[in-house]
Amino acid sequence: MYWIKKREGKQLEGRVKTFNDSDFLKHLEMAIQYGFPFLFENLDEYIDPVIDPVLEKSFVVQVSQILCIYLLHSANRCVKSGTT
């Protein structure tokens, strides 16, 4: 993990979270929306299913050619991630 932190440098500041952090979803959404790197640390065998759409790259193309991903905690809200 050291080399990832070194490679991403300041881009990764404030974007290294664990599933135990109360604000990890908010930071994950912002990272997706603005194209910032995001890193989970201290993972065990359990991975929170709320991030399954991210791991499976389940992007949906909206009418305006915007890529969206729907995280499980916000089924009706799209996290915009760019254009096609």
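Reading the values: rules and limits
Residues numbered from 1 in each chain as written. Predicted model: local features only at pLDDT ≥ 70, side-chain atom pairs only at ≥ 80, totals over all residues. Heavy atoms only, no water. Salt bridge = Lys/Arg side-chain N within 4 Å of Asp/Glu carboxyl O. Buried < 20%, exposed > 50% of the residue type's maximum accessible area, 1.4 Å probe, protein only. Helix = DSSP H or I, 4+ residues; strand = E, 2+ residues; numbered from the N terminus. Core = buried A, V, L, I, M, F, W, Y, C linked by side-chain atoms within 4.5 Å. Contact = heavy atoms within 4.5 Å. Phe/Tyr/Trp six-rings, centres within 6.5 Å; stacked < 30°, edge-to-face > 60°. Lys NZ or Arg CZ within 6 Å of the ring centre and 35° of its normal.

Asker: Can you walk me through the pattern of salt bridges in this structure?
Answerer: Where charged atoms of side chains with opposite charge meet at close range, the side chains can pair. Following the criterion strictly, the structure yields one salt bridge and no others. Taking the shortest distance from any N to any O, the salt bridge between Asp-23 and Lys-17 comes out at 3.7 Å. Judged by relative accessible area, Lys-17 falls into the buried class, the value being 13%.

Asker: What should I look at first to understand the side chain of Arg-15 in this one?
Answerer: Note on placement: Arg-15 falls in the loop between α1 (2–8) and β1 (16–17). What makes Arg-15 buried here is its relative accessible area of 18%.

Asker: Sorry, what's going on with the nonpolar core here?
Answerer: Grouped burial of nonpolar side chains is what soluble globular proteins tend to show. Membership of the largest hydrophobic core comes to 13 residues, with the highest contact counts inside it found for Phe-24, Leu-28, Phe-40 and Ile-51. In terms of residues, this core owes the most to one element, helix α2 (residues 24–34), which gives five residues. If we ignore the near neighbours within four places in the chain, the residues touching Phe-40 are Lys-17, Thr-18, Phe-19, Phe-24, Leu-28 and Ile-51.

Asker: How should I be thinking about the packing of aromatic side chains in this particular structure?
Answerer: Any aromatic ring pair is given by two values, namely how distant the centres are and how the planes are angled relative to each other. Inspection of the entire model under this criterion finds five aromatic pairs. Aromatic pair Phe-38 and Phe-40: ring centres 5.0 Å apart, planes at 75 degrees, arrangement edge-to-face. Exposure remark for Phe-40: the relative accessible area of 17% places this residue in the buried category. The cationic tip of Arg-15 hangs over the ring face of Phe-36; the distance from NZ or CZ to the ring centre is 3.9 Å.

Asker: Help me understand unusual backbone geometry in this model?
Answerer: Residues other than glycine predominantly adopt negative phi, and peptide bonds predominantly adopt the trans conformation. One non-glycine residue with positive phi stands out, namely Asn-42, at about 55 degrees. Using a relative accessible area of 63% as the deciding quantity, one classes Asn-42 as exposed. A positive phi is found at Lys-57, a non-glycine position, where the angle reads about 55 degrees. For Lys-57, the location among the structural elements is in the loop between α3 (52–55) and β3 (59–61). Assessed through its relative accessible area of 64%, Lys-57 is described here as exposed.

Asker: Quick question: what am I supposed to make of the environment of Phe-38 here?
Answerer: Relative to the helices and strands, Phe-38 resides in the loop between α2 and β2 (39–40). Residues in contact with Phe-38, not counting those within four places in the same chain, are Leu-12, Arg-15, Lys-17, Phe-24, His-27, Leu-28 and Ala-31.

Asker: Honestly, the environment of Leu-43 in this entry has me stumped. Any pointers?
Answerer: Checked against the element boundaries, Leu-43 lands in the loop between β2 and α3. A relative accessible area of 41% means that Leu-43 is categorised as partly exposed. Sequence separation between Leu-43 and Lys-17 is 26 residues; the distance between their C-alpha atoms is 10.0 Å.

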